[in-house]
Amino acid sequence: MKITLPGLIDVHTHMRTPGQSHKEDFYTGTTAALNGGFTTIIDMPNNTVPITTKKLLREKMDIAKKQTVVDIGFHFGSLGNNLEEFKKVQEKIFGLKLYLNQTTGGFIIGKKELTKIYEAWEGTQPILLHAEEDVLDMVSEIVKKTKKKTHICHVSSKLELTKIAKAKERGLPVTCGITPHHLFLTNNQEKKLGVYAKMKPYLKSKKDVDFIWENLGYIDLIESDHAPHTIEEKETEAPFGVPGLDTTLPLLLTEVENGKLTVDEVIQLCHTNPSIIFNVPTSKKTFVEVSMEEYLLTKRDLKTKVGWSPFEGRRVIGKVKSVVIRDKKVFENGKVLIKPGEGRVIYPKRD
Ligand code: DOR
Ligand code: ZN
C-alpha cells in the first residue's frame, strides 16, 4: 500500500555548516531530509561560530544556497550581546533560538540575558528555547510579563509537559515540540546504546515517555533535532546529539500501523502545525509518496553523512519512494534527482 503525504516540515535541525562540515553539510543533510519525507527544514544557529550577526547569517545562507536540495530556512542565535542585530534579521529568520541549559556549542545564557533578549525582540517569529525541567518556571514568568510567542523545544519529561500544559491553560503564547528519540527511546535503552543514546535533554524513564504519549494533545509538533556527530567523535568525546531526519517518518508510521497514531495526526504534527507556528510557506504541489512496507532499519536506509542512527535494527513501516517539490520530482528510490543548490533558501510568510 502507498500513501501520499504533504511535504513534511522539520523546524529543528543542525546542518553543522559552516564550521563542522565533516559531520554534515547542506547537501547531505537535505538529502537525509528528502529520504525522510521532509521538504522543508529549519537550521539551528549553534555552529562553531554561533550565528548571531546579519553578516554570519548571510554567509551561512550563501553556502546553503549552493548545496540545498530542499526548502531551507534559518533560526538566529543570541547570547544577549547582539540586540542591535535583531531588527536587521527579523524578517529573514524563522525564530530566535536561545539555550538555557548546557549542550553542544555551550551557548548558554542566564535569566539576566534572557530578560534583556525578550524585551529587545520585536520580531513576529517565535523565540525557541532549550529549557529543561525547573528552568521552565523562569520562562513562564518572563513569557507572562512580555507576552512574546515562545516555542519550547524537545519536551522530554512528565514534569516539563505538566508545566507547559499549565502555561497553555493560563493562556500564555507557548507551543512545544517533541523529538522522535524522546518518544521512542527511554533511559532503559542507554545501557545498550551507550554514547549513541547521549543527547540533551537526556532520555527519561518509561513513566515519563508513557505520560507524554498519553498527553500528546499538548504537543504541537514533532522536531527531529537532527544533531549529527561522527562515530569517531561519539566514541571519543561523546558529544550530545543523534541524527533524526532519515528515521522520524518511518518511526511515526510504524505507530500508525500499531494504532497509536493516525496519518492525520502525523500530518498535523509534521506539516500543518509547524507551518502555522513558524509561518513556513507550503505548496499543494509539494508531496511525498510512501510505501507502507515493513523492513529492518539499517545503515543502508540512512543518507546523513555520519551514517549511524540509534534506531538501527528496528522493524519499521514506511519507506519514502518519491518526493515532489512544486510539481518537480526531486527524489526517487533513494536517489536525488536534482543538483546541489536546486533547493531554495526560504523566509517566513508575511500575513
Ligand atoms: O543533543 C543535542 N544535540 N541537544 C542539543 O540541544 C544540541 C544538539 C547538537 O547541536 O548537537
Ligand atoms: Zn537542537
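This section reports on the structure supplied with the text. (Residues numbered from 1 in each chain as written. Chains lettered and ligands numbered in written order. Predicted model: local features only at pLDDT ≥ 70, side-chain atom pairs only at ≥ 80, totals over all residues. Heavy atoms only, no water.)

**Notes on the coordination of the zinc ion (ligand 2)**
Taken together, the protein donors to the zinc ion (ligand 2) comprise H12 (NE2), H14 (NE2) and D225 (OD), at separations of 2.0 to 2.2 Å. Counting residues between consecutive donors of the zinc ion (ligand 2) along the chain gives the motif H-x1-H-x210-D. Pair noted here: H14 is in the loop between β2 (8-13) and α1 (26-35) and D225 is in the loop between β9 (221-222) and α10 (231-236), with a separation of 211 residues, a long-range link. (Donors = N, O, S within 2.8 Å, 3.2 Å for Na, K, Ca; no water. Helix = DSSP H or I, 4+ residues; strand = E, 2+ residues; numbered from the N terminus.)

**Details of the sheet that holds strand β13 (residues 335-336)**
Whenever strands of a sheet pair, they do so through backbone hydrogen bonds, lying parallel or antiparallel. Reading across from one edge, β1-β10-β11-β12-β13 is the order of the five strands in this open sheet, with antiparallel pairing throughout. Unpaired on one side and paired on the other, β1 (2-6) and β13 mark the two borders of the sheet. In this structure, β1 lies alongside strand β10 (residues 287-296), joined through five bridges in antiparallel fashion. Across the sheet, the residue bridging to T4 is E289, located in β10. (Pairing = 2+ DSSP bridges.)

**Thoughts on the site of ligand 1**
With respect to spatial proximity, 13 residues lie near ligand 1, and among them R16, N46, T103, T104 and K200 are the closest. With respect to ligand 1, the side chain of R16 contributes an N or O atom lying 2.8 Å from an oxygen atom. H229 places a side-chain nitrogen or oxygen 3.1 Å from an oxygen atom of ligand 1. Bound to the protein, ligand 1 loses 99% of the 290 Å² it would expose on its own. Classifying every residue of the shell around ligand 1 by side-chain character gives three nonpolar, seven polar and three charged. (Near = heavy atom within 4 Å. Polar contact = N/O pair within 3.5 Å; in protein donor to acceptor, adjacent residues only side chain to side chain. Areas by Shrake-Rupley, 256 points an atom, 1.4 Å probe, with all protein chains shown as cover. Nonpolar A, V, L, I, M, F, W, Y, C, P; charged D, E, K, R; others polar.)

**Some points on the packing of helix α11 (residues 248-257) against helix α12 (residues 263-278)**
One can describe the packing of α11 onto α12 by two numbers: an axis separation of 9 Å at closest approach and a directional angle of 150 degrees. When the axis of α11 is compared with that of α12, the two are roughly antiparallel. The handedness of the crossing between α11 and α12 comes out as right-handed. Two secondary-structure elements touch here, α11 through L249, L252 and V256 and α12 through V263, V266 and C270. Residues of the contact of α11 with α12, tallied by class, amount to six nonpolar, no polar and no charged. (Axes fitted to C-alpha atoms, helices over the stretch in contact; angles between N-to-C directions. Parallel < 35°, antiparallel > 145°, perpendicular 65-115°, else oblique. Left-handed = near helix turned anticlockwise from the far one by under 90°. Contact = heavy atoms within 4.5 Å.)

**Observations regarding the nonpolar core**
Counting residues in hydrophobic clusters, the biggest one holds 92 residues, and the most contacted among them are L34, L98, L114, L129 and L183. Non-local contacts of L98, meaning those with residues more than four positions away in its chain, are made with S78, I109, L114, I117, Y118, I127, L128, L129 and H130. I42, F94, F107 and F278 belong to the second-largest nonpolar core, a separate cluster that totals 14 residues. (Core = buried A, V, L, I, M, F, W, Y, C linked by side-chain atoms within 4.5 Å. Buried < 20%, exposed > 50% of the residue type's maximum accessible area, 1.4 Å probe, protein only.)

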